[in-house]
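Architecture at a glance
As a plain string of letters, each chain reads:
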Amino acid sequence: MKNALGREIPTTIGNRSVEAYAGAFAKQRSGFKAPQPQKSSVPGENKVLPSLEAAIEATGLKDGMTISFHHSFREGDRVINQVVDACARMGLKDLRLFPTALFGTHAKLVDHIKSGVVSRIEGSMNGPVGAFISQGGKLREPATLRSHGGRWRAIESGDVAIDVAFIAASQADAYGNANGINGRTPCGPITFCMVDAQYARKTVVVTNELAPYPAYPLEIQQGWVDYIVVVDEVGDPEQIASGTLEMTKSPARLRIARLAADAVVASPYFKDGLSFQGGAGGVSLAATMYLAEAMEKAKIVGGFVMGGGTRIMVEMLHKGLVRTILDGQAFDPIAVASLGVDPAHVIMNPGLYANYDSRGCATYMLDAAFLGATEVDVDFNVNVNTHSDGRLLHGIGGHQDVAAGAKMTVITAPSIRGRLPVILDRVTTVTTPGEVVDVIVTERGIAVNPRRDDLKACFRDAGLPVRDIAELKAEADGLVRPLGKPVFGDEVVAAIEWRDGTVIDVVRKVEGWQ
Amino acid sequence: MPEGTIVGSDAKGDCRVSLVPGKSLAIEVATEDPRLFERGIREVVEETLAKLGRIQGTLSVADKGSLDYVIAARVEAAVRTALPKTPSIVPAIERRASEKDAPRRSRLYAPGNNPRLLVGIELHRADCVLLDLEDSVPPTEKAAARVLVKHLLGAIDFPNEVWVRINPLALGGADDVREVILARPHGVALPKAESRDDVVALSKELAKAEQAFGAPLGSTWIMPILETAKGVLHAEEIAAADPRVAVVAFGAEDFTRDVGARRTSESLLFARSMIVAAAKAAGVQASDTVYADIDDEVGLAVEAHLARDLGFDGKGAIHPGQIPALHAAFTPSEKEMDEARKIVTAAEEAEAHGIGAIAIGGKMIDRPVLERARRVVRLSDRLSRKESR
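Parameters and conventions
- Residues numbered from 1 in each chain as written.
- Chains lettered and ligands numbered in written order.
- Predicted model: local features only at pLDDT ≥ 70, side-chain atom pairs only at ≥ 80, totals over all residues.
- Helix = DSSP H or I, 4+ residues; strand = E, 2+ residues; numbered from the N terminus.
- Rg over C-alpha atoms; globule rule 2.2 N^0.38 Å.
- Buried ≥ 20, exposed ≤ 12 C-beta atoms within 10 Å, placed from the backbone.
- Contact = placed C-beta atoms within 7 Å.
- Pairing = 2+ DSSP bridges.
- Axes fitted to C-alpha atoms, helices over the stretch in contact; angles between N-to-C directions.
- Arc of directions from axis to C-beta.
- Nonpolar A, V, L, I, M, F, W, Y, C, P; charged D, E, K, R; others polar.
- Parallel < 35°, antiparallel > 145°, perpendicular 65-115°, else oblique.
- Left-handed = near helix turned anticlockwise from the far one by under 90°.
- Domains from an automatic or database assignment.

All right, on to the overall build of chain B then. Helix and strand counts for chain B come out as 14 helices and 14 strands. In terms of overall dimensions, chain B is globule-like: its C-alpha atoms have a radius of gyration of 23 Å, near the 21 Å expected for 389 residues. For chain B, the C-alpha atoms occupy an extent of roughly 85 × 50 × 40 Å along the three principal directions. Burial statistics for chain B: of 389 residues in total, 48% are counted as buried. Once local pairs closer than 6 in sequence are excluded, the contacts in chain B between residues at least 24 apart make up 71%.

All right, on to the overall build of chain A then. Scanning chain A from N- to C-terminus turns up 14 helices and 29 strands. Over its C-alpha atoms chain A spans a radius of gyration of 22 Å, differing by no more than 12% from the 24 Å that the globule rule assigns to 514 residues. Of all 514 residues assigned to chain A, the portion counted as buried reaches 60%. Summarising the internal contacts of chain A: among those between residues at least 6 apart in sequence, 73% fall at separations of at least 24.

Residues and elements named next belong to chain B. Sheet architecture is open: four strands sit in the order E1-E2-E4-E3, paired in mixed fashion. Every other strand in the sheet has two partners, leaving strand E1 (7-8) and strand E3 (25-30) as the edge strands with one partner each. Note that E3 and strand E4 (residues 57-63) share six bridges and pair parallel. What sits directly across from Ala30, in E4, is Ala62. Those strands touched by helix H2 (residues 68-82) are E1, strand E2 (15-21) and E4, and its axis lies near 30 degrees from that of E2.

In an α-helix there are 3.6 residues to a turn, and that puts residues three or four apart on one side. All names here are of chain A. Residues Leu52, Ala55, Ile56 and Thr59 constitute the buried set of helix H1 (residues 52-59). Burial along H1 is one-sided: seen end-on, the buried residues are contained in an arc of 100 degrees. Against the buried residues of H1 lie strand E3 (48-49), helix H2 (79-89), strand E10 (164-169), strand E13 (202-207) and strand E14 (227-230).

At the junction of the two partners, chain B supplies 21 residues and chain A supplies 20 residues. With seven residues, the single largest contributor to the side of chain B that touches chain A is helix H1 (residues 34-52) of chain B. Residues that form the side of chain B that touches chain A fall into these classes: seven nonpolar, eight polar and six charged.

Let us look at helix H12 (residues 323-330) of chain B. All names here are of chain B. Listed in full, the buried residues belonging to H12 are Ala325, Leu326, Ala329 and Phe330. The arc enclosing the buried residues of H12, seen along the axis, measures out at 115 degrees, which places them on a common side. Packing partners of the buried residues in H12 comprise strand E5 (106-111), helix H11 (297-310) and strand E12 (314-317).

Bringing unusual backbone geometry into the picture now. For the peptide bond that leads from Tyr213(A) to Pro214(A), omega is -10 degrees, which places it in the cis range. With respect to the helices and strands, Pro214(A) occurs in the loop between E13 and E14. Geometrically, the link from Tyr216(A) to Pro217(A) is a cis peptide bond, its omega value of 0 degrees lying close to zero. With respect to the element layout, Pro217(A) can be found in the loop between E13 and E14. Positive phi, close to 65 degrees, is recorded for Asp94(A), a residue that is not glycine. The residue Arg125(B) is not glycine, and still its phi comes out positive at about 65 degrees. Along the chain, Arg125(B) turns up in the loop between helix H3 (115-118) and strand E6 (128-132). Residue Arg125(B) is classed as buried on the basis of its C-beta count, with 20 C-beta atoms lying within 10 Å.

Turning to the packing of H11(B) against H12(B), a few remarks are in order. All names here are of chain B. Between H11 and H12, whose axes approach to 9 Å, the crossing angle comes to 30 degrees. With respect to each other, H11 and H12 are oriented roughly parallel. Read as a crossing pair, H11 and H12 show a hand that is right-handed. Contacts from Glu297, Leu300, Ala301, Ala304, His305 and Arg308 of H11 reach H12 at Ala325, Leu326, Ala329 and Phe330.

We now examine the domain arrangement of chain A. Residue and element names in this part refer to chain A. For chain A, the domain assignment lists domain 1 (12-16 + 50-238) and domain 2 (251-477). The C-alpha-based centres of domain 1 and domain 2 are spaced at 29 Å. Listed by partner, the interface residues are 33 residues for domain 1 and 33 residues for domain 2. Looking at the side of domain 1 that touches domain 2, the elements with two or more residues in it are strand E8 (124-125), helix H4 (128-134), helix H5 (148-156) and helix H6 (194-199). Top element by residues in the side of domain 1 that touches domain 2 is H5. It accounts for seven residues. When the residues that make up the side of domain 1 that touches domain 2 are grouped by side-chain class, the tally is 15 nonpolar, 13 polar and five charged.

Our next topic: the domain arrangement of chain B. In terms of domains, chain B is made up of domain 1 (7-82), domain 2 (106-330) and domain 3 (334-385). In this structure, domain 2 of chain B and domain 3 of chain B have C-alpha centres spaced 31 Å apart.

The subject of this paragraph is the sheet that holds strand E26 (residues 439-442) of chain A. Residue and element names in this part refer to chain A. Taking strand neighbours across the sheet as the criterion, the eight strands line up as E18-E17-E16-E15-E19-E22-E26-E27 in an open arrangement whose pairing is mixed. In this open sheet, the two edge strands, each paired with only one partner strand, are strand E18 (345-347) and strand E27 (445-448). Inspection of the sheet shows strand E22 (residues 408-412) paired to E26 by three bridges, in the parallel sense. Residue Ile411 lies in a different strand from E26, and its bridge partner there is Ile440.

Here is the structure:
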């Protein structure tokens, strides 16, 4: 069947039936969430177990079940590999992984997929695992990719049932209260897994530091936790910043960042109370920096800045340029340190951030947001999931959630990367629909969604280089000959869910080239 | 790849090309993802070879994400290195002519043999982009650089002026002229100009090249760069050497080395004032030296305003990030523009009524003030005609 964007999607994926994407806010629900497990306790119970194997045994984990993880340690995570290795040693098979994201450090999962320990993955796959899957790897069912808010919703609605949640924590007490803020190796908020802890049949906290009761802040709470395991290492905080925090030096990229910041400055939202999403990645960081400079010059105090927390946001808070940071995950050690000490640096869980089926999302309070793109198209659709050769490379992250919420969503992307054109007639995969994208900024100029003639007028008045998106495309296309094109077969490798649980696009296996 | 015929590099945005002459043509392409890129690269290679004549041999391309014009330039340079009798490719271009006193508040330098740093160089709104074949290009890369600059000039539509800084004539500058003139830059910057003869010799080379390649005679401006003690002392004869001279530039880095000075605003004052006076006496523009610390925005702004106060019309930039500060310094203020317009209008009225003396509000306006006002009006008209960004 075809969804509202004209993308051809199957009616079933694996053994679940598919609901087609119908529009960014077309689906409205009311009713009740899925039930959470309930279990009484008595004083004096011991929850600490001597090893991961003992915990896995105690949870009753069986072949075919689902285990979940968070990604707050990013490239530095040591827990996912340890747990899956332990499962493999215990002879478990056919497990379904449900991580919030996977990274390059999890490349060895490919071996576990090949040997059948892991047979399904639901979650954002960055790097080698994604590449393996899109070559038609040995997964029993297509992967499902969800945004941060979409994953939370899928758990609460019962779309995904978790058997055991394994939660990495840099500090925990023996009763199960756990956090990522304190301890020797803090990683920042671990609230991505709050919903896992509440809905999983069993919850195991994995920590490298047992603190006296009560360990705080209370990110993960004792009432949700069955077992605690102490291991030597949960993660390397040095590696949470990997790749995302290099400030770009490229003149073309700095120009994109400058134009993106200038676009916000020229918009009606640039006034006291301005709220925006910063994010990581060279261009977003530079744009955030330029915007901060403009705010300082214009003596504007922002309401809140949202994102993966970064040094730049912490500096803005200290300078009084924003009142609050809403922080879902920390992108560098300075953000981690600030979270522990500054009450205006607030931990935000993905439910609060972006749960579509809730009575409010923090992203809906955003004025402006800077987001990246692997590809964009002339209809303003954005792809962040697949490479132009069809390979599944990146997760959705908060892309959909932020774009859907912000009053002015600014996509920053070069018009061309090496010989790869970035502006296409049709993106390889739709992650975020043009319906929620307002502005695309490239080094060659700013394209404004025809829905937003108001913004176009503001930009023109400010002397910004407003260009038609087709014109930008033609200019970039003039620099490189057309690419070879992958020919996709029928087999679905992954489904891309919109934040409401409908399917916005699917990734198909590449069968040949033309 | 065999030694001696390799052109280009393995840097991002570049490609490495070699030609081993032989009895038949074979093209080998290596690229990050052949399925995506190989066909396009082959097309560019084949078209380029076709323009060069019947080339026989094994041509190898190792691509690192290079744009089409970079591939074409590398192929041409590799073929002409291996087969020196091969004629140059003449790009098909239409370039708008520039006026002798076009606004030149900023002249942005870009290294002529670094494709990655050349991408999008036309986008930063510099009044004048200066593609460099001199200091930023190592001697072994000079030949490839002039071909790359030619292809860049042929492929990219520059919104404002684009110039080429050649090498001194005796050090390859004549070859530079013969190559790049094919792609019709607005002007040529001559480094280390020290005498009238240097400029006249370049003018002759330009005239020869223009005639040989069918360009309108005299259509290429000259920017002598004064960066030695001798050059500064001969500023007057250099500025007035040839009608092609449109702007005289100062190069402080080499100048301080030549005279043994430390770089301060005081130590450069004589050279700067000399150059401004010489340029203005000859009726041409003066452009100040570059500011080397790209992270020091305050220092840049201070130096740009100093140069403006001295009478310079613009200043060099080594990074696009410096351009806004230069434009801020060298754009006349609203007040200056209004005053200038009033003076020019008063002069026109006086002329219409056959009155010799011009007065505004009882104050007499003398000739130099009127000339200055005319320059400001011309500049502001040209700036307002330019695309806003």
